[in-house]
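Next come the chains, spelled out residue by residue.
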Amino acid sequence: MLPRAKVDLVAPHNIKEAPKCTSYAHLQLDGEEENKMRSLRSGLSLSLLVTSSTASRALSFVHPSIAKPKSRLMYKSTDPMIPATTAIATEAKPLPKIIQGGMGVRISSWRLAREVSNMGELGVVSGTAMDTVFVRTLQDGDPGGHFRRALASFPNQAVAQQALDKYFIPGGKAPTKPYRSLPMWTLAPNRALEEATILGSFCEVWLSKHNDDGSPTEGLVGINRLTKVALPTIHSLYGAMLADVDYVIMGAGIPSKIPGILDALAGHHDCSYSIEVIGASGDEEYAVAFSPKSFWEKGHGTSGIAKKPLKRPAFLPIVSSTTLATSLLKRSNGSGPTRGIDGFVVELNEAGGHNAPPRGWHFEPEDHDEPKYGDKDWVDVEAFGKVAKGLPFWFAGHYGRPEKLAEVLDAGGNGIQVGTLFALADESGMEPTMRKEILSELAEHQELKVVTDPAASPTGFPFKVLQLEDGLKTLSNPEVYNARPRVCNLGYLRAPYLQEDGKIGYRCPSECVADYVGKGGDENDTVGRKCLCNALTADAGFAQVRNVRNLVTGERELYSEPSLVTMGDDVNQAAALVQLREDGSYGYTASDVVDYLTASQRQGKKVGQLLTPCRWGYSETAVDEYLLSEWGVFHKQTRGSGVSELMAV
């Protein structure tokens, strides 16, 4: 077996598919290992093939976030798709102990993600409905000028300016005037929708990775997406990658096709995302397709943007069982021994937002009781470690406490994902009045109640709802829910279905009941369904207003979309952080949360197992076996090639 080494760079995983134009990467060895390798190869450097299509992905067995401190890696390439001399600078960053959860629509804002990132943990922005957040922020006048600051760094300034010309309103629109809406997503989105989605994700990630003066923060930032919100996925990920996002985290479904999409987007290659269409036969395939090169060519002739490979972010699927984790490791479509999966977030049913349904559970419209979870729905930390293939993993769902962090670390995990505590922090994107009301109730020692609503989400997944019936008017109040005129005008959770004429239609059980039934839907599916798209957008302060007919008086009046607040079961834990401030308000910061969770770790108590160089993405055994199996191929291709090898400088 080859002596183990610090592997800073690695070959692509699909050698047979490598193009003729290649560059070479150098394995960096230390001390004794280097002497052994020299003896083995008579002083010839070990070189591994790196292709342009996998350049950013293949540059490290060790993810850039934990690469060798202050290493600067240089290589020369004969590939016209990669600049003649490319430098990749990385700086050591340990794996985070805390992942700040990606929550709702813009609850996990760039401000929140940036603050957590600056604390040395993983800050995460929400990628849900970022196209709507983007255009509505501009219509509100872009307070602080932050989106305009981010747009100034977008690689195609003509596209950025076009968006400003179309949506930006100096000083903001009147509160009684409706937002200008985007068309809803379909299998064939128009250009305006593609641009808004890419721009929105780019801006949110870029802002989270830069200080107010435009300098980079050097922290780690991820983007969270819902698998169930499938149609905008590729465009959202591409916008985030253009802004150099470090992680992609996805739950609310089985994201087995995402690793391959990330691999493709890193090289600006055409890709597609399969979409289930209700009523279609098994022989029919439907997908959202995206061509980065075509996108830039149509964007005022800036096709050169697609010649520079993007960093392939680490991918962390959210799972709720060892079974799903094992399945993803076997069936995902990414490259490498772990098929493009770089770790896991294990989310249990106490977490906020969407929950995985209990084993064997099926929603019945007449049953309004909370789903019952049992022992089969529990995941043990040590047991999960045995199926994780050496990948890092974080636990979530009632884990937002210092003792839970220590528990996971001691059992072999890498840390915890925390959402609820961060959702109420100052930097959260939650509408300020709502956040302050919740904090006041916590400060006054009121016990807040969270219900796992089996019907709220159009997805069919159970959904956590904070009960605020006596305070803020949200959809958790039956009167507010019943008074809302049902309409589907954002459409992120619409399901495609095959119409009788063979065309694709779209329907949502939260829309007008008559419309849903007219599209072939079952009326029973509409019972208790809530419009999460509008409600969660309202949570972030972007509530749509519209003129509707009052169901009681029959007169037309201005109606503002109500909110629906989601929190984890441990929302009352936030009371421990709430502080009374000089102005009489209550609050706390994201840094307060990080300090609270990590205090015992900084004081020298047990911190769990240490990270090894091969811990990110591959076990040491997998690295050794991979190098051995491909040694002959690399050896032949590196001899006499005339291509300069990568040099560590």
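How do you make sense of the overall build of the chain when you look at a structure like this?
Per the secondary structure count, the chain includes 20 helices and 23 strands. Relative to its full complement of 649 residues, the chain shows a buried share of 56%.

Looking at this structure, I do not really get the pairing of strand S17 (residues 495–498). What am I missing?
Two faces, one strand: in a regular strand the side chains alternate between the faces of the sheet. Both S17 and strand S18 (residues 504–507) contribute to a ladder of four bridges, which runs antiparallel. Residue Pro496 lies in a different strand from S18, and its bridge partner there is Tyr506.

How should the nonpolar core be read in this particular structure?
Grouped burial of nonpolar side chains is what soluble globular proteins tend to show. In this structure, Phe134, Phe344, Phe384, Phe422, Leu424, Ile438 and Tyr588 are the most contacted members of the largest nonpolar core, which totals 135 residues. Broken down by element, the residue count for this core peaks at nine residues, all from helix H7 (residues 191–208). Other than its neighbours up to four places away in sequence, Leu424 contacts Met430, Arg435, Ile438, Leu439, Leu442, Met567, Val571, Ala574 and Tyr588. Grouped together as the second largest cluster of nonpolar side chains are 13 residues, Ile99, Val124, Ile249 and Ala314 included.

Mind showing me how you'd approach the environment of Arg486 here?
Relative to the assigned elements, Arg486 resides in the loop between helix H16 (478–483) and S17. With 25 residues separating them along the chain, Arg486 and Glu511 place their C-alpha atoms 5.4 Å apart. Not counting residues up to four positions away in its chain, the partners in contact with Arg486 are Tyr481, Pro509, Ser510, Glu511, Cys512, Val513, Thr526 and Arg529. One polar contact links the side chain of Arg486 to the main-chain carbonyl oxygen of Glu511, over a distance of 3.0 Å.

What should I look at first to understand the packing of helix H6 (residues 157–167) against H7 in this one?
Relative placement of two packed helices is described by the angle separating their axes and the distance separating the axes. In contact at an axis separation of 11 Å, H6 and H7 are set at 105 degrees when each is read in the N-to-C sense. Considering their axes alone, H6 and H7 lie roughly perpendicular with respect to each other. Listed contacts from H7 to Val159, Gln162, Ala163 and Lys166 of H6 are Arg191, Ala192, Glu195 and Leu199. Classifying every residue of the contact of H6 with H7 by side-chain character gives four nonpolar, one polar and three charged.

Just to check I follow, could you spell out the pattern of salt bridges for this structure?
Any two side chains of opposite charge can pair, on the condition that their charged atoms come close. The tally for this structure, following the rule as stated, stands at 18 salt bridges. Ionic pairing is found between Arg312 and Asp342, a salt bridge with its closest N-O pair at 3.0 Å. Taken as a pair, Arg312 in the loop between helix H10 (292–298) and strand S11 (314–319) and Asp342 in the loop between helix H11 (322–331) and strand S12 (344–347) lie far apart in primary sequence, 30 residues in all. Judged by its relative accessible area of 3%, Arg312 falls in the buried class. The class for Asp342 is buried, based on a relative accessible area of 1%. We note a salt bridge from Glu407 to Lys404, for which the minimum N-O separation is 3.5 Å. Remark: Lys404 and Glu407 occur in helix H13 (residues 402–410); sequence separation between them is three residues, near one turn of the helix. According to the relative accessible area criterion, Glu407 is partly exposed, its value standing at 36%.

Even after reading the chapter, I still don't get the packing of aromatic side chains, so can you show me in this structure?
Working definition: an aromatic ring pair is given by the centre-to-centre distance plus the angle between the planes. A full pass over the atoms with the stated rule returns twelve aromatic pairs. Between Tyr238 and Trp296, the aromatic rings sit 6.4 Å apart at their centres with planes inclined by 50 degrees, giving tilted as the arrangement. Here Tyr238 is found in helix H8 (residues 233–242), whereas its partner Trp296 is found in helix H10, with 58 residues between them in sequence. On the basis of an interplanar angle of 65 degrees and a centroid distance of 6.1 Å, the ring pair of Phe393 and Phe395 is categorised as edge-to-face. Classification of Phe393 by relative accessible area gives buried; the value is 2%. Under the relative-accessibility criterion, Phe395 is labelled buried at 0%. Aromatic ring contacts, followed pair by pair, group Phe154, Phe202, Tyr238, Phe290, Phe295 and Trp296 into a single cluster.

Where do I start with the packing of H7 against H8 in this structure?
Two elements in contact, H7 and H8, have axes whose closest approach is 7 Å; the angle formed by their N-to-C orientations is 40 degrees. One element, H7, and the other, H8, form an angle in the oblique class. For the pair H7 and H8, the sense of crossing is right-handed. Residues Glu194, Thr197, Ile198, Ser201, Phe202 and Val205 of H7 form the contact with H8, whose own contacting residues are His235, Ser236, Tyr238, Gly239, Ala240 and Leu242. A class-by-class count of the residues in the contact of H7 with H8 yields six nonpolar, five polar and one charged.

Explanation requested: the environment of Glu276 in the structure shown.
Relative to the assigned elements, Glu276 resides in the loop between strand S9 (271–274) and strand S10 (287–290). Glu276 sits 46 residues away from Ala230 along the chain, and the two C-alpha atoms are 9.5 Å apart.

Got a minute to help me understand H13 in this structure?
Every buried residue of H13 is accounted for by Pro402, Lys404, Leu405, Ala406, Val408 and Leu409. Immediately beyond the C-terminal end of H13, within one or two residues, lies Gly412, with a positive phi of roughly 105 degrees.

Just to check I follow, could you spell out the pairing of strand S7 (residues 220–226) for this structure?
Within S7, six of the seven residues are buried, leaving the element largely enclosed by the surrounding structure. The sheet contact formed by strand S6 (residues 122–126) and S7 spans five bridges and is parallel. When the sheet's bridge partners are listed, Ser126 is paired in S7 with Asn224. Handedness of the crossover is the feature at issue here: the chain leaves S7, passes through H8, returns alongside strand S8 (residues 247–251), and the resulting connection is right-handed.

Reading the values: the criteria
- Residues numbered from 1 in each chain as written.
- Predicted model: local features only at pLDDT ≥ 70, side-chain atom pairs only at ≥ 80, totals over all residues.
- Heavy atoms only, no water.
- Helix = DSSP H or I, 4+ residues; strand = E, 2+ residues; numbered from the N terminus.
- Buried < 20%, exposed > 50% of the residue type's maximum accessible area, 1.4 Å probe, protein only.
- Pairing = 2+ DSSP bridges.
- Core = buried A, V, L, I, M, F, W, Y, C linked by side-chain atoms within 4.5 Å.
- Contact = heavy atoms within 4.5 Å.
- Polar contact = N/O pair within 3.5 Å; in protein donor to acceptor, adjacent residues only side chain to side chain.
- Axes fitted to C-alpha atoms, helices over the stretch in contact; angles between N-to-C directions.
- Parallel < 35°, antiparallel > 145°, perpendicular 65-115°, else oblique.
- Nonpolar A, V, L, I, M, F, W, Y, C, P; charged D, E, K, R; others polar.
- Salt bridge = Lys/Arg side-chain N within 4 Å of Asp/Glu carboxyl O.
- Phe/Tyr/Trp six-rings, centres within 6.5 Å; stacked < 30°, edge-to-face > 60°.
- Left-handed = near helix turned anticlockwise from the far one by under 90°.
- Right-handed = clockwise from strand over helix to strand, strands pointing away.

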